[in-house]
Amino acid sequence: MSAADQMLALDTSCKIFVDGGCGFQSPGLHSFIFKPMFTVGGLEFNKPMLLALLTTLVLCVFFWKAFANPKVVPGKLQMVAESGYDFVRRGIVYETIGKKEGEKYVPFLVALFFFIWLMNIWSIIPLAQFPVTSIIAFPAGLAIMVYVTWMSLTFKRHGFVGGLKNLTGYQKGLGAVLPLVMLIEFFSNVLVRPFTHAVRLFANMFAGHLLIVMFTIATWFFMNGMGWLYTPVAFVMVCVMIAFELFIQAVQAYVFVTLSASYISGALEEAH
Amino acid sequence: MAATETLAAVSGSLGSIGYGLAAIGPGIGIGYIFGNGVQAMARQPEATGLIRQNMILGFAFCEALALIGIVMPFVFGQ
């Protein structure tokens, strides 16, 4: 699958009821591969990378503007930024890690939340229209960051043996089934956790983008002759999917950060 | 041993059939989670925030199975 295969909805001239025309061009993996804009020393720079950089820039500028000179009575921008910050702090961190231990991790999780959310929102912003997190490398990188954080916390807090006991769910009272429990716990905590953490975000955005592209192409495909009768149906589905995606994007950012917080709290909690 | 004989064959996209099967379990699970979550909220409206958070967490764990189903054909297909 090369970059030349990439096709956007408006690039195809395929229409319904055209004699000898081409059929419906369904979206697939090729919808996620972009032509590089330019190459810097063998590194291809493409649209998702540009959007990720833009995300960083937008967030930096927004929070800088909001918090550069904080006032006791907040202005409009500071108000918005503060409510966002407070949502993550009260809604996620205090509930999961607790007030005393959690305060240290609030900035990290706030940054994570807004970074992921904005990367998801690009999916429905005109001209961008691509969720950066539907490229597996981005969620994988973030998941690895969280993994390293809670893994190092586990061993820092409990020492080597204590950390291993924490990871394997060691409990004396279990008796004969203890080895089995430890094996399963180790497998699920150390190996499966980072994988599902990354894949959950990736696959949601991937599937959502496929659905939107699919109905957009369908709208274009039907715009011919009798096909115009079906066009409104497809177009309404595009609007519905966009509204649904707006919801899913927020939920996925929330879930990613909540899980990060619960992993961190699991690492901090006392060994049994 | 008798010679192997093909009785039935499936052609077309096996991945989509597999995904259809893979979606059954998480579908049931998500139904349980939200059903019981709403019931819990109705019984104890004061605990709505806590219940909602755990509900979404459970939903995410459950949904991961269906999402792994989406990814597998790309990983192991051909």
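The rules behind the values
Within each chain, residues carry numbers counting from 1 in the order of the written sequence. A letter from A marks each chain and a number from 1 marks each ligand, given out in the order of writing. Per-residue local features of the predicted model are confined to residues with pLDDT of at least 70, and side-chain atom pairs are confined, for both listing and counting, to 80 or more; whole-chain, interface and lining totals are unaffected and use all residues. No hydrogens and no water enter the side-chain calculation; it runs on all heavy atoms of the structure. In DSSP terms, a helix is any run of H or I states spanning at least four residues, a strand is any run of E spanning at least two, and both are numbered starting from the N terminus. The buried label goes to any residue with under 20% of its type's maximum accessible area, the exposed label to any with over 50%, and the partly exposed label to all in between, with areas taken from a 1.4 Å probe on protein chains only. Here, residues are in contact when the closest pair of their heavy atoms is within 4.5 Å. Between N or O atoms, a polar contact is any pair within 3.5 Å; within protein, one atom must be a potential hydrogen donor and the other a potential acceptor, and residues adjacent in sequence are included only when both atoms are from side chains. UniProt positions are given in the numbering used here, feature names are shortened, and annotations may be inferred rather than shown by experiment. Take the number of residues in a helix, subtract one, and multiply by 1.5 Å to get its expected span. We define the bend at any residue as the angle between the axes fitted to the seven residues before and including it, ending there, and the seven starting there. Within this document, salt bridges are pairs made up of a side-chain nitrogen of Lys or Arg and a carboxyl oxygen of Asp or Glu, the two lying within 4 Å of each other. When residues are grouped by polarity, Ala, Val, Leu, Ile, Met, Phe, Trp, Tyr, Cys and Pro land in nonpolar, Asp, Glu, Lys and Arg in charged, and all others, Gly among them, in polar. A residue's pLDDT is the confidence the predictor assigns to it, expressed on a 0 to 100 scale. Each Phe, Tyr or Trp ring, with Trp reduced to its six-membered ring, pairs with another whose centre is within 6.5 Å; inter-plane angles below 30 degrees give stacked pairs, above 60 give edge-to-face pairs, and intermediate values give tilted ones. To qualify as a nonpolar core, a set must consist of buried Ala, Val, Leu, Ile, Met, Phe, Trp, Tyr and Cys residues joined through side-chain atoms within 4.5 Å.

Looking at an unreviewed UniProt entry, one finds chain B named ATP synthase subunit c, with Streptomyces coryli as its source organism.

Some thoughts on the environment of tyrosine 19 of chain B
Residues and elements named next belong to chain B. Mapped onto the elements of the fold, tyrosine 19 is located in helix α1 (residues 14-22). You can call tyrosine 19 partly exposed: its relative accessible area is 29%. In this structure, the C-alpha to C-alpha distance between tyrosine 19 and leucine 50, residues 31 residues apart in sequence, is 33 Å. Discounting residues that sit within four places of it in the chain, tyrosine 19 has contacts with Ala66, Gly69 and Ile70.

Points about the side chain of serine 265 of chain A
Residue and element names in this part refer to chain A. Within the secondary structure, serine 265 is located in helix α7 (residues 231-268). Within the structure, the side chain of serine 265 is placed 3.3 Å from the backbone oxygen of serine 262, a separation counted as a polar contact. Other than its neighbours up to four places away in sequence, serine 265 contacts Thr96 and Ile97.

A closer look at unusual backbone geometry
Residue and element names in this part refer to chain A. Not every positive phi belongs to a glycine, and leucine 127 is a case in point at roughly 75°. Structurally, the position occupied by leucine 127 is in the loop between α4 (106-121) and α5 (137-168). With relative accessibility at 81%, the residue leucine 127 sits in the exposed group. Even without being a glycine, glutamine 129 presents a positive backbone phi close to 45°.

Describing the UniProt feature "transmembrane region" (unreviewed entry) in chain B
Residue and element names in this part refer to chain B. With numbering matched to this structure, UniProt assigns "transmembrane region" (unreviewed entry) to residues 17-35 and 56-76. Each end of residues 17-35 is marked by a C-alpha atom, and these two atoms are 27 Å apart; helix forms 95% of the span and strand 0%. Secondary structure within residues 56-76 divides into 100% helix and 0% strand; the distance between the first and last C-alpha atoms comes to 30 Å.

Overview of helix α2 (residues 76-96) of chain A
One turn of an α-helix holds 3.6 residues; hence residues three or four places apart share an orientation. Between the first and last C-alpha of α2 of chain A there are 29 Å, a value that for 21 residues agrees with the 30 Å anticipated at 1.5 Å per step. At arginine 89 of chain A, α2 of chain A shows its largest kink, close to 25°. Of all the positions in α2 of chain A, only Gln78, Ala81, Gly84, Val88, Arg89, Ile92, Val93 and Tyr94 of chain A are classed as buried. Packed against the buried residues of α2 of chain A are α1 (47-67), α3 (99-102), α4 and α7 of chain A together with α3 (48-76) of chain B. Glycine 98 of chain A lies just past α2 of chain A and shows a positive phi near 110°.

Here we look at the interface of chain B and chain A
Listed as interface residues are 15 residues of chain B and, on the opposing side, 20 residues of chain A. Counting the contacts that link chain B with chain A gives zero salt bridges. The tally of links from chain B across to chain A stands at three residue pairs in polar contact (both at pLDDT 80 or more). Residues of the side of chain B that touches chain A, tallied by class, amount to 13 nonpolar, one polar and one charged.

Digging into the pattern of salt bridges
All names here are of chain A. Per the counting criterion, the structure on display carries four salt bridges over all chains. In this structure, aspartate 86 and arginine 89 form a salt bridge, with 3.2 Å as the shortest nitrogen-oxygen distance. Pair noted here: aspartate 86 and arginine 89 are both in helix α2, with a separation of three residues, about one helical turn. Look at aspartate 86 and you get partly exposed, because its relative accessible area is 25%.

Describing the confidence of the model for chain B
All names here are of chain B. Per-chain confidence: chain B averages 85 in pLDDT, with 94% of residues scoring 70 or above. Highest mean pLDDT in chain B belongs to helix α2 (residues 24-43) (95); lowest belongs to α3 (82). The ipTM value of the predicted complex is 0.70, and its pTM value is 0.85.

Brief notes about the packing of aromatic side chains
Residues and elements named next belong to chain A. In the structure shown here, the tally under the stated rule is 19 aromatic pairs over all chains. Judged by centre distance (5.1 Å) and plane angle (75°), the rings of phenylalanine 62 and phenylalanine 63 are edge-to-face. In this structure phenylalanine 62 comes out as partly exposed when scored by relative accessible area, which is 27%. Classification of phenylalanine 63 as buried rests on a relative accessible area of 19%. An angle of 20° between the planes, with centres 5.9 Å apart, marks the rings of phenylalanine 155 and phenylalanine 160 as stacked. What links up through ring pairs into an aromatic cluster is the set Phe62, Phe63, Phe67, Phe87, Phe113, Phe114, Trp117 and Tyr254.

Description of the UniProt feature "domain: V-ATPase proteolipid subunit C-like" (unreviewed entry) in chain B
The sites that carry the UniProt feature "domain: V-ATPase proteolipid subunit C-like" (unreviewed entry) are, in the present numbering, residues 17-74 of chain B. Structurally, residues 17-74 of chain B comprises 91% helix and 0% strand, and the distance from its first C-alpha atom to its last is 14 Å.

Focus: the nonpolar core
If you look at the biggest cluster of nonpolar residues, it comprises 61 residues, and the most contacted ones within it are Val88, Leu109, Leu112, Trp150 and Phe256 of chain A. At the level of elements, α1, α2, α4, α5, α6 (178-221) and α7 of chain A together with α3 of chain B are the ones that each hand at least two residues to this core. In terms of residues, this core owes the most to one element, α7 of chain A, which gives 13 residues. Membership of the second largest hydrophobic core comes to six residues, among which are Cys14, Ile16, Phe222 and Ala234 of chain A.

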